[in-house]
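Observations on the three-dimensional arrangement
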Amino acid sequence: MLRSFLLRLLATLQPGKSERRLQEEIQEHLHALAGRQSEQGLRPDEALQAARREFGPVEPAKEQYRDQVRFRSIENIGRDLRFAFRQCRKNPGFTAAAVLSLALGIGANAALFSFVNAILLKRLPVPQPARLAVLKHAGESRVLSYRQLNELNRDATEIDGLMGTHPINVSVLFGDHPEWISAEIVTGEYFHTLQVRPERGRLLTQLDLDDAEGNPTCVISYRLWKSQFGGAEDVIGRTILLNTRPYKIVGVSERGFTGPDLQQPTDLQIPATRLIDYMPAFVGISSFDWKSRLFLFSAMARLKPEATTAGAAEQLTRLNRAYLKSPKLENRATDIQLSDGSAGLRSSKRGKPASILLAVSLVVLLIACANLATLLLSRTSARSSEFALRLAIGGSRTRILAQVLVESALLAVFGTAAGIAVAYAIQRILLSFLNRTTPQIHQLHVPLDGTVLLFVAATSVVLRTAVWNGARPPGRPDGGTWLFRRKHSQRSSSAESIRRRTDRVVVHRCAFRRIIGWNATQSEGGRSRFPS
């Protein structure tokens with residue numbers, strides 16, 4: 001079975017060789033028949049004619065042979081693709097308009113979906129991110145002191161870790177040239193709370209923070225390890241200069257982890273007890289107890305499996321009041337609220353604009369579908385005579401339908417390829433706009449990853465289905481479509497139906513655009529009305 005399949009596939013992929021073998025076999029068979037006729041006393045030319053009569057029609061025999069030794073469906077797809085390419089070259093204006101409509105719809109959705117995915121939908125790449133909670137007060141992120149974090153973490157029984165972090169910019173010397181990178185000052189429960197695993201070496205613990213004053217250590221990210229150290233296996237134990245001070249690398253965090261803030265990725269974790277290297281004006285004063293009085297760290301907790309958000313918030317509030325020794329229980333400044341931390345530490349202010357952009361991109365997608373459906377309706381209507389002629393000379397309905405589907409699929413492939421290019425262009429424009437006033441070290445980076453590319457492919461399939469269904473005019477009550485109406489009267493009636501349907505599509509599109517324009521005007525405070 002497998003050998004037969006491989007032989008048929010080989011013959012399909014090498015049709016020239018198969019045709020030569022077929023021609024040779026036919027000639028050998030004819031010569032054998034002619035030889036038997038010559039033995040009966042016929043002249044060579046008469047013997048050859050008699051052999052041909054005995055053999056029968058040659059072309060039907062060839063078709064039967066091809067059906068047996070080759071996959072005709074694969075050959076038909078190849079022929080349909082070549083015909084579809086010729087149709088695209090024959091109608092460059094239609095092809096350009098169709099591809100442009102698809103490219104705008106797919107490109108806008110792919111680019112904007114990547115922003116929405118990064119800002120609203122993406123979750124921290126850590127185990128069980130749904131159990132993470134951000135400490136807040138009055139809707140804003142709550143900042144705590146170093147000693148406050150440690151005591152709350154020690155006494156709270158509803159949580160499985162409480163960590164604090166503060167972002168900073170650090171000058172790192174790689175070779176002869178210093179570079180600015182994003183880093184964060186972290187407490188001892190940082191990696192335990194997030195449950196991040198080391199890719200190399202080990203991660204920071206409370207013991208490292210207690211010993212950090214005499215033995216400065218740090219942890220680098222996987223991408224920094226790959227980009228600046230080339231993935232060297234001996235990176236553990238190396239010394240790097242952070243703000244001209246030596247730090248020992250004790251570990252590399254796992255791949256994909258760049259801190260608890262998805263909008264501001266970091267590549268370096270530094271113990272909080274080394275804060276004097278970055279804030280000497282506060283920490284360097286001997287009379288200033290910075291561990292208790294410097295409220296600097298944004299906090300995130302991991303709830304235990306049996307704990308609830310409300311119960312953990314109530315317990316943390318009670319412990320926080322006891323820590324601050326507040327005599328007034330109504331003092332809401334001591335309250336702690338917990339919000340979902342699965343998407344990161346800081347809630348993005350770009351969430352609402354991203355949602356609006358996504359809604360606009362979906363409208364663009366619908367308009368692209370309508371544009372392409374209208375184009376295909378007009379083009380298919382113009383080819384009605386061609387289809388009727390092909391049916392008259394023996395073409396099958398299935399082959400014509402398959403060919404039309406291949407043409408639509410080819411347009412979808414071209415549109416998808418162009419849409420990816422448009423998506424990259426739109427993405428670069430949006431990033432340049434969003435990052436125009438942001439320092440390079442804190443700029444937003446939203447790559448088109450595999451998820452977005454899968455979204456592009458799915459959008460292409462949806463568009464292709466919508467286009468095919470929209471490009472099929474209403475058929476007869478018996479289920480036949482206009483492609484297979486052979487009589488002139490039937491074709492004329494079908495063409496009129498197509499024109500009516502096209503008119504309805506155009507009217508709906510115009511009304512839809514006018515409503516969108518009116519809503520936009522009203523939202524800007526204008527007084528414009530629908531034009532008469």
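Presented here is a report on the structure given in the accompanying data block. (Residues numbered from 1 in each chain as written. Predicted model: local features only at pLDDT ≥ 70, side-chain atom pairs only at ≥ 80, totals over all residues. Heavy atoms only, no water.)

Some points on the overall build of the protein
Along the protein, the regular secondary structure elements total 18 helices and 12 strands. When burial is assessed residue by residue, the protein has 43% of its 532 residues classed as buried. In the protein, once contacts between residues fewer than 6 apart in sequence are set aside, the share between residues at least 24 apart is 75%. Accessible surface, the protein as shown: approximately 28900 Å² in total, 58% of it carbon and sulfur. (Helix = DSSP H or I, 4+ residues; strand = E, 2+ residues; numbered from the N terminus. Buried < 20%, exposed > 50% of the residue type's maximum accessible area, 1.4 Å probe, protein only. Contact = heavy atoms within 4.5 Å. Areas by Shrake-Rupley, 256 points an atom, 1.4 Å probe, with all protein chains shown as cover.)

Things to note about the packing of aromatic side chains
According to the stated counting rule, one finds 7 aromatic pairs in the structure shown. Between Tyr-146 and Trp-290 the ring centres are 5.9 Å apart and the planes differ by 35 degrees, which places this aromatic pair in the tilted class. Of this pair, Tyr-146 sits in helix α7 (residues 146-155) while Trp-290 sits in helix α12 (residues 290-293), and the two are 144 residues apart along the sequence. Ring centres 6.4 Å apart and planes at 65 degrees place the aromatic pair Tyr-190 and Phe-257 in the edge-to-face group. Within this pair, whereas Tyr-190 is found in helix α8 (residues 190-194), its partner Phe-257 is found in the loop between β9 (245-253) and β10 (268-271), the two being separated by 67 residues in sequence. By the burial criterion, Tyr-190 is buried, and Phe-257 matches it. By the ring-pair criterion, three or more aromatic residues cluster together here, those being Tyr-146, Trp-290 and Phe-297. (Phe/Tyr/Trp six-rings, centres within 6.5 Å; stacked < 30°, edge-to-face > 60°.)

Focus: the environment of Glu-213
Mapped onto the elements, Glu-213 comes out in the loop between α9 (206-210) and β7 (217-220). Glu-213 gets classed as exposed once you look at its relative accessible area, which sits at 56%. The sequence separation of Glu-213 and Leu-275 amounts to 62 residues, and the corresponding C-alpha distance is 9.6 Å. Beyond its immediate stretch of four places on either side in the chain, Glu-213 contacts Thr-273 and Arg-274.

Side note on unusual backbone geometry
The backbone of Gln-128 sits at a positive phi, close to 45 degrees, despite the residue not being glycine. Along the chain, Gln-128 falls in the loop between α6 (92-121) and β1 (132-137). Given a relative accessible area of 46%, Gln-128 falls into the partly exposed group. Within the chain, Thr-244 stands out as a residue other than glycine whose phi angle is a positive 70 degrees. Topologically, Thr-244 is positioned in the loop between β8 (239-242) and β9. The class for Thr-244 is exposed, based on a relative accessible area of 67%.

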